[in-house]
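Summary of structural features
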Amino acid sequence: MRGSDAFQEDAQHHLAAGDVPAYMQALGQGARAAASALRRANTHIKNQALEAMAQRVAVARSDILQANAEDMQRGRDNGLDNALLDRLALNDQRIDAMIEGLRQVAALPDPVGEIDGMSYRPSGIQVGKMRVPLGVIGIIYESRPNVTIEAASLCLKSGNACVLRGGSEASASNAALSRCLQAGLADAGLPAGSVQVVATTDRAAVGEMISMPAYIDVIIPRGGKSLIERISREAKVPVIKHLDGVCHVYIDTTADPAKALAIAVNAKTHRYGTCNTMETLLVDAPIADILLPELARAYAEHQVELRGCERTRALLPQATLATEDDWHAEYLAPILAIKVVDGMEEAIEHIERYGSHHTDAIVTQDYSLARRFMAEVDSSSVIVNASTRFADGFEYGLGGEIGISTDKLHARGPVGLEGLTTQKYIVLGDGQVRQ
């Protein structure tokens, strides 16, 4: 069997010739070969590679910043908006965060090889499950070069080879980071195919990547809705994804007013452009006349535009009338939809109709209502008396995340190391034969 490094030589040849399908196939072959080697790599070797990568990034800091400056200038020339430029930009602080992120992943417990559920059967055999890598993970993402480091570190620690396709706007930054990752792998004696960054900006590469089930076991898209919709529609490889983050906070009549105010303001204003930001606030009718004016004053300080139902507008004339589209909207901006509801039943019905199964929260002092909300709201994260902004791998103790999934198979919610693995049955016997 050819080694992973040999396929990398093939890939470079096809890249130089402009043959994108052959180039992507060579990357896939190299990743598949590397995945076999990674299954044999113990925790110590994987951690050595992560530490070596961290050191290589530190040494290459000036090269990375120079490459990023090229991307930033090209982005400005191409008319990228300020939000995208901010996501693209690297500085010393963000590079320090990359280095620290690699070391944090190295410090996390390794899920690979964990065995649970071992039990004896009447035949005398023992049956249990062992946690194992998925194999090869393809990740398609936009703008943020730090995703290159996050994705590589989580895939490597969970024993998976990965093929990373960043956005064309970050091509120079990702190439500089790729050199650091490759050098770190070599320092630890791991094959180059363990982490491969697609080196062409040709969009045909994405089409090839999502059509290689022989070489890639799962695709994880990270980016805008149009990208994720395209991947979901066209992929011949299983996809872990979420499309929208239409997150709700429901404030029940029994809620502690101070807690409700703090949670509703934080859930909306902590950051506007994240998938776990509240987009619709639901308020129980008996407390709306007291709570909504207080909330409106707080939102005004943050310059949040309010759009509300008729009952909301009766209390907050400054709010514009919400349309049907507003209940479906993931604004990712300082805009909030507000609806006054008659109890939790109506709140849950609204969430079921308009929500995206991402993250929804209730603020209540009623234990029974909290239990019902947790049981009946069908979202990947359901939160009681806390902000939706906590729906995050780091906050959940996963050490980081590769993304958030609103699917029900294979992973759901923030996808950390365990979400990048699966389980296989293992059986221990002592000469038993089936009668």
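From a predicted model like this one, the values you see are computed outputs, not experimental measurements.

Time to look at the sheet that holds strand E16 (residues 421–428). Strand order in the open sheet formed by 3 strands is E1-E2-E16, with antiparallel pairing between adjacent strands. Only two strands of the sheet have a single neighbouring strand rather than two, namely strand E1 (115–120) and E16. If you compare each strand with its neighbour and ignore which way they point, the axes differ by 25° on average. Sheet topology note: the E1/strand E2 (residues 126–133) ladder contains 4 bridges and is antiparallel.

Formed by 73 residues in total, the largest nonpolar core has its most connected members in Met24, Ile64, Ile139, Leu164, Ile219 and Ile402. For this core, the leading source of residues is helix H2 (residues 20–40), giving 9 residues. Those residues within four positions of Ile139 in sequence are excluded, and the remaining contacts are Ala151, Cys155, Val163, Leu164, Arg165, Met209, Ile220 and Ile402. With 38 residues, the next largest nonpolar core counts Ala264, Leu295, Ala333 and Ala361 among its residues.

So, about the side chain of Asn276. Within the secondary structure layout, Asn276 lies in the loop between helix H11 (257–269) and strand E8 (278–284). A distance of 3.0 Å separates the side chain of Asn276 from the side chain of Thr274, its partner in a polar contact. In terms of polar contacts, Asn276 uses its side chain to reach the backbone carbonyl oxygen of Ala391, at 3.0 Å. Not counting residues within four places of it along the chain, the set of residues in contact with Asn276 comprises Cys247, His358, Thr388, Arg389, Ala391 and Asp392.

Turning to its location among the elements, Ala49 is positioned in helix H3 (residues 43–59). Of the residues examined, Ala49 reaches a relative accessible area of 0% and is grouped as buried. Taking C-alpha positions, Ala49 is 8.7 Å from Leu181, a pair spaced 132 residues apart along the chain. Beyond its immediate stretch of four places on either side in the chain, Ala49 contacts Leu156, Gly184, Ala188 and Leu190.

Our next topic: empty space enclosed by the protein. The probe, sized like a water molecule, is rolled over the atoms to show the empty space still left. Scanning all chains against the criterion turns up 1 cavity of 30 Å³ or more. Considered as a void within the structure, the largest cavity measures approximately 40 Å³ in volume. Lining the largest cavity, in full, are Ile351, Glu352, Gly355, Ser356, His357, Asp360, Glu376, Val377, Asp378 and Ser379.

Taken as a whole and judged by the stated rule, the model has 25 salt bridges. Note that Asp342 and Arg311 form a salt bridge whose closest N and O atoms lie 2.9 Å from each other. You can see Asp342 sitting in the loop between strand E11 (335–341) and helix H15 (343–354) and its partner Arg311 sitting in helix H13 (residues 310–315), a full 31 residues away along the chain. For Arg311, a relative accessible area of 36% puts it in the partly exposed group. Look at the salt bridges and you will find they share partners, linking Arg61, Asp92 and Asp96 into a network.

On to the UniProt feature "domain: Aldehyde dehydrogenase" (unreviewed entry) in the protein. The UniProt feature table records "domain: Aldehyde dehydrogenase" (unreviewed entry) at residues 21–304. Helix makes up 54% of residues 21–304 and strand 16%, and the two end C-alpha atoms of the span are 47 Å apart.

The strand order across the open sheet formed by 4 strands is E5-E4-E3-E6, and the pairing between neighbours is parallel. The open sheet has two free edges, formed respectively by strand E5 (195–197) and strand E6 (218–222), since each of these has just one partner strand. Adjacent strand axes in the sheet meet at a mean angle of 15°, parallel and antiparallel pairs treated alike. With 5 bridges connecting them, strand E3 (residues 136–141) and E6 associate as parallel partners. Bridging from a neighbouring strand, Ile139 pairs with Ile220 of E6. The sheet strands contacting helix H10 (residues 225–234) are E3 and E6, and the helix crosses E6 at an angle near 165°.

Next up on the list: H10. Every buried residue belonging to H10 is among Leu227, Ile228 and Ile231, and all of these are buried. The buried residues of H10 occupy an angular sector of 95° when projected down its axis, which confines them to one face. In H10, the exposed positions angled more than 90 degrees off the buried face are occupied by Ser226 and Arg233. Looking at the buried residues of H10, the elements they touch are E3, helix H9 (204–209) and E6.

A word on the environment of Ile402. As for its position among the elements, Ile402 is in the loop between strand E13 (381–384) and strand E14 (403–405). Taking the C-alpha atoms as reference, Ile402 lies 29 Å from Ala337; in sequence the two are 65 residues apart. Setting aside residues no more than four positions away along its own chain, Ile402 makes contact with Ile139, Glu150, Ala151, Leu154, Cys155, Ile220, Arg222, Val415 and Leu420.

Parameters at a glance
Residues numbered from 1 in each chain as written. Predicted model: local features only at pLDDT ≥ 70, side-chain atom pairs only at ≥ 80, totals over all residues. Heavy atoms only, no water. Pairing = 2+ DSSP bridges. Helix = DSSP H or I, 4+ residues; strand = E, 2+ residues; numbered from the N terminus. Axes fitted to C-alpha atoms, helices over the stretch in contact; angles between N-to-C directions. Core = buried A, V, L, I, M, F, W, Y, C linked by side-chain atoms within 4.5 Å. Buried < 20%, exposed > 50% of the residue type's maximum accessible area, 1.4 Å probe, protein only. Contact = heavy atoms within 4.5 Å. Polar contact = N/O pair within 3.5 Å; in protein donor to acceptor, adjacent residues only side chain to side chain. 1 Å grid on protein atoms, 1.4 Å probe; cavity = no way out; pocket = protein on both sides within 12 Å on 5 of 7 lines; lining within 4 Å. Points joined across faces, edges and corners; volume = space filled by probe spheres on them. Salt bridge = Lys/Arg side-chain N within 4 Å of Asp/Glu carboxyl O. UniProt positions renumbered as here; feature names shortened; annotations may be inferred. Arc of directions from axis to C-beta.

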